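# Chains, contacts and geometry: an overview
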Amino acid sequence: MIHTEYDAVVIGSGPNGLAAAITLQQKGLSVLIIEGKDEIGGGLRSAELTLPGFVHDICSAIHPLAIGSPFFETLPLNQHGLEYIIPEIAAAHPFDDGREAVVYNSLHKTAKSLGIDEKAYLNLMEPVVNDWPGIASDVLGPLTFPKKPLDMAAFGLKALTSATFLSKRFKKKEAKGLWAGMAAHSIQPLTNLSTSAIGLVLLLSAHRKGWPIPKGGSAQIAKALASYFLSLGGKIETGRFVTSLDQLPSSKAVFFDVTPRQLLKIAGHKFSSIYKWQLERYRYGMGVFKMDWALDGPVNFKTEGASRAGTVHIGNTLEEIVLSEKEMASGIHSEKPYMLLAQQSLFDPTRAPEGKHTVWAYCHVPNGSTKDMSGIMEKQIERFAPGFRDQILGRHTMNTAEMETYNPNYIGGDINGGIIDIGQIFTRPALRSSPYRTSAKGLYLCSSSTPPGGGVHGMCGYHAAKRALKDVFKIR
Ligand SMILES: Cc1cc2nc3c(=O)[nH]c(=O)nc-3n(C[C@H](O)[C@H](O)[C@H](O)COP(=O)(O)OP(=O)(O)OC[C@H]3O[C@@H](n4cnc5c(N)ncnc54)[C@H](O)[C@@H]3O)c2cc1C
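A few points on the structure. (Residues numbered from 1 in each chain as written. Predicted model: local features only at pLDDT ≥ 70, side-chain atom pairs only at ≥ 80, totals over all residues. Heavy atoms only, no water.)

### Quick look at the sheet that holds strand 11 (residues 287–295)
Formally: DSSP bridges decide pairing: two strands pair if at least two such bridges lie between them. Each helix is a run of DSSP H or I of at least 4 residues and each strand a run of E of at least 2, with the numbering of both proceeding from the N terminus. The angle between two axes is taken between their N-to-C directions and runs from 0 to 180 degrees, where each axis is a line fitted to C-alpha atoms and a helix contributes only its stretch in contact. In this analysis, two residues are considered to be in contact whenever any of their non-hydrogen atoms come within 4.5 Å of each other.
Reading across the sheet, the seven strands line up as 7-6-12-13-14-11-15 and stay open at both edges, with mixed pairing between neighbours. Of all the strands in the sheet, just strand 7 (100–104) and strand 15 (392–398) have a single pairing partner and so form its edges. Across the sheet, the mean angle separating the axes of adjacent strands is 20 degrees when strand polarity is ignored. Bridge count for strand 6 (residues 89–94) against strand 7 is five bridges, and the pairing is antiparallel. When the sheet's bridge partners are listed, histidine 93 is paired in strand 7 with alanine 101. On top of the sheet, helix 7 (residues 173–183) reaches strand 6, strand 7 and strand 12 (309–314); it is set at about 60 degrees to strand 7, its chief contact.

Here it is in structure tokens:
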């Protein structure tokens, strides 16, 4: 038997790298995580980006997928410092005419607030909310025969349609706009097939466990995962950016929390020509322009729900959101971009000095865009919260190039590790019996470029580790 320094090495400490490492370490293996940056976390870091005392989430902010993750919920993360704060209003969606649509944690309260569309909302959401526990692990994993085929089929019939098609269930602009704002998290034109999937998952998450904010910043999720991993005996090394397999200590398996483009650079010479060909064809989607503000008070939204919501979708009507996503995807910078905005400090006083507030937002932009969207984004917020600009004490911006410099996984500003459209939803990064296995023995991909894709849930890392436990370590 060949002696190796570690059973497994994980390159990258995003939520998926951490999840893979924990899954392996829990089985008594020896695992080393190597992180290129000085701080662990990938998309889970928080910092004083604007002014001292204002703590901003650099990447992810709102965590319905983390609190609902079938893997994370098995871990004792609360004993490792993680505390979720759950706003009663998950999301609000204001309109130009001063009206708004609101997603409460309560399914029935939300449905009722949609008036004439109450029944349509319940018909759409009640079955998926109720069926979710039986289908979650299949939806959030590689393509397999589902445990509950009928429930899965019912979910799939809705999820695989385009968001514009499903919007026809609603009569009024409030429900239609609300639905478009949810589905636009898919970061692609809403006429694309399967754009309903993320809208459904986000809405059902709101109605099951809410959309939580980690107390102290999203970095607290990474810190809790890392603390638990270390408590099991795992090792973490930071500040070592991997460019070649030769830099790694010997191990039986290597996990890459990176996207196909980087994987090819680091390990391409080990792969079969067909696998290399597949990875070279992997597609990336739109990028994001990210902004953070330090404010001298809470945002004065014109509507009450938006003033009390953890997340606000800025984008007005379904038609406006459909147009802006279509423009951005075809390389045109929309003048009225759809925006996601989070106001963590309303619920978490650790984020800003007393009486002051933080706001986090991003809009989608063409992949690789270097356009400064700050003026356009602030104008969009002003539509629904007049006086916003006067409240600004400090601002911080990141265009797609700065996003990619910050984290090389954000190719051209794509925050999902590759577009999650119908062509890549099941086969990311390539059509294979296991999407986590590369063509080289012992090398695994564990990032959001594998199923189920982007978001902080750790399920890509968990499934990649489970695959290697069977293949390499013969552990079930
Ligand atoms: C602006 C923004 C907002 C977001 N908002 C949300 C949100 O609100 N909710 C949500 O659920 N998700 C959100 N996301 C998405 C979420 O952050 C990602 O989907 C998630 O972090 C992906 O996890 P990962 O482990 O696959 O990769 P990452 O989190 O990207 O981690 C990869 C890690 O690998 C390291 N690495 C890369 N290459 C190397 C190398 N060669 N050597 C060593 N280390 C390397 C990187 O430094 C990084 O730490 C957001 C992302 C962004 C950018």
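### Quick word on helix 14 (residues 374–384)
Note that an α-helix has 3.6 residues per turn; residues three or four places apart therefore point the same way. To keep things clear, this is the line we draw: Here the term buried applies to any residue with accessible area under 20% of the maximum for its type, exposed to any over 50%, and partly exposed to those in between, with areas from a 1.4 Å probe on protein chains only.
Burial of helix 14 is extensive: nine of the 11 residues sit out of reach of the surface. Turning to helix 14, its buried residues number three or more, namely Ser374, Ile376, Met377, Glu378, Gln380, Ile381, Glu382, Arg383 and Phe384.

### What to know about the nonpolar core
The condition is simple: The nonpolar core is taken to be a set of buried Ala, Val, Leu, Ile, Met, Phe, Trp, Tyr and Cys residues, with the residues joined through side-chain atoms within 4.5 Å.
Judged by nonpolar contacts, the single largest core of 97 residues is most densely connected at Leu24, Phe72, Tyr121, Met125, Phe155 and Phe255. By residue number, the principal contributor to this core is helix 4 (residues 118–139), which donates 10 residues. If we skip the residues at most four places from it in the chain, phenylalanine 255 touches Ala8, Val9, Val10, Ile11, Ala20, Leu24, Tyr444, Cys446, Ala464, Ala465 and Ala468. The next biggest cluster of nonpolar side chains, apart from the first, holds 31 residues, and it includes Ile89, Ile187, Val365 and Ile376.

### Re the environment of phenylalanine 426
By the element assignment, phenylalanine 426 lies in the loop between helix 15 (400–406) and strand 16 (443–445). For the pair formed by phenylalanine 426 and proline 451, sequence separation is 25 residues and the distance between their alpha carbons is 6.6 Å. The contact partners of phenylalanine 426, leaving out residues within four places of it in the chain, are Leu143, Leu160 and Pro451.

### A few points about the site of the ligand
Stated formally: Whether a residue is near a molecule or strand depends on its heavy atoms: if one lies within 4 Å, it is near. Counted as a polar contact is a pair of N or O atoms within 3.5 Å, where, for protein atoms, one must be capable of donating a hydrogen and the other of accepting one, and residues adjacent in sequence contribute only when both atoms are in side chains. Areas reported here follow the Shrake-Rupley algorithm with a probe of radius 1.4 Å; residue values treat only the protein chains shown as occluding. Each residue gets one of three labels, nonpolar for Ala, Val, Leu, Ile, Met, Phe, Trp, Tyr, Cys and Pro, charged for Asp, Glu, Lys and Arg, and polar for the others, Gly among them.
Not every one of the 39 residues close to the ligand is listed here, only the nearest: Glu35, Gly43, Ile62, Asn407 and Gly455. Between valine 242 and the ligand, the recorded distance is 2.9 Å, taken from a backbone N or O atom to a nitrogen atom. One of the backbone nitrogen or oxygen atoms of valine 456 is found 2.8 Å away from an oxygen atom of the ligand. In the complex, the protein chains occlude 96% of the 1000 Å² of accessible area that the ligand would expose alone. Those elements that place two or more of their residues in the shell around the ligand are helix 1 (15–25), helix 10 (260–267) and strand 14 (357–365). Among the elements that take part in the shell around the ligand, helix 1 stands out by supplying three residues, more than any other. Among the residues forming the shell around the ligand, the class breakdown is 17 nonpolar, 16 polar and six charged.

### Some thoughts on the packing of aromatic side chains
The way to describe two aromatic rings as a pair is by their centre distance and the angle between their planes. Rule in force here: Put simply, two rings from Phe, Tyr or Trp (the six-membered ring, in Trp's case) pair if the centres are within 6.5 Å, and we call them stacked under 30 degrees between planes, edge-to-face over 60, tilted for the rest.
Using the criterion set out here, one finds eight aromatic pairs in the structure. With a centroid separation of 5.4 Å and 20 degrees between ring planes, the pair formed by phenylalanine 255 and tyrosine 444 is classed as stacked. Of this pair, phenylalanine 255 sits in strand 10 (residues 251–256) while tyrosine 444 sits in strand 16; the two residues are 189 residues apart in sequence, bridging distant segments of the chain. In this structure, phenylalanine 255 and tyrosine 444 share a single accessibility class: buried. With a centroid separation of 5.4 Å and an interplanar angle of 75 degrees, the aromatic rings of tryptophan 360 and tyrosine 362 are classed as edge-to-face.

### Structural notes on empty space enclosed by the protein
To be explicit about the condition: Using only the protein atoms, space was sampled on a 1 Å grid; points where a 1.4 Å probe fits but cannot get out form cavities, open sets with protein on both sides within 12 Å along at least five of seven lines form pockets, and lining residues are those with an atom within 4 Å of a point. Grid points are joined across faces, edges and corners, and a volume is the space filled by probe spheres set on the points.
Throughout the structure, instances matching the rule amount to one cavity of 30 Å³ or more. Volume-wise, the largest cavity comes out at about 50 Å³. The wall of the largest cavity is formed by Ser186, Ile187, Gly285, Met286, Asp414, Ile415, Asn416, Gly418, Ile419 and Ile420. Grouping the constituent residues of the lining of the largest cavity by class yields five nonpolar, four polar and one charged.

### A few points about the packing of helix 4 against helix 8 (residues 196–208)
This is how it is decided: Small angles under 35 degrees read as roughly parallel and large ones over 145 as roughly antiparallel, with 65 to 115 read as roughly perpendicular and the rest as oblique.
Packing of helix 4 against helix 8 brings their axes to within 9 Å, and their N-to-C directions diverge by 70 degrees. Considering their axes alone, helix 4 and helix 8 lie roughly perpendicular with respect to each other. When helix 4 is examined against helix 8, the residues Tyr121, Leu124, Met125, Val128, Val129, Trp132 and Pro133 are found in contact with a partner set consisting of Leu200, Val201, Leu203, Leu204, His207 and Arg208. When grouped by side-chain class, the residues that make up the contact of helix 4 with helix 8 number 11 nonpolar, one polar and one charged.

### Some words on the layout of surface pockets
Estimates place the volume of the second largest pocket at around 570 Å³. Along the walls of the second largest pocket sit 28 residues, with Gly141, Pro142, Thr144, Tyr436 and His463 positioned nearest its centre. For the lining of the second largest pocket, the secondary-structure elements that each account for two or more residues are helix 4 and helix 16 (459–471). Residue composition of the lining of the second largest pocket, by class: 13 nonpolar, eight polar and seven charged.

### Some words on unusual backbone geometry
Omega for the peptide link from arginine 428 to proline 429 comes to 0 degrees, which places this bond in the cis form. Here proline 429 lies in the loop between helix 15 and strand 16. Between proline 451 and proline 452 the backbone carries a cis peptide bond, its omega angle lying at 10 degrees. One can find proline 452 in the loop between strand 16 and helix 16. A positive phi angle, close to 55 degrees, is found at lysine 474, a residue other than glycine. For lysine 474, the location among the structural elements is in the segment after helix 16.

### Quick notes on the sheet that holds strand 9 (residues 235–237)
Strand order in the open sheet made by the five strands is 9-2-1-10-16, with parallel pairing throughout. Edge strands, defined here as strands with exactly one partner in the open sheet, are strand 9 and strand 16. Strand after strand, the sheet turns through a mean of 20 degrees between neighbouring axes, direction not considered. Sheet topology note: the strand 2 (residues 31–34)/strand 9 ladder contains three bridges and is parallel. By the bridge assignment, isoleucine 34 is partnered in strand 9 with glutamate 237. Against the sheet, helix 9 (residues 219–231) contacts strand 2 and strand 9, and its axis sits at roughly 130 degrees relative to strand 9. Strand contacts of helix 16: strand 10 and strand 16, with the helix running at about 160 degrees to strand 16, the strand carrying the most contacts.

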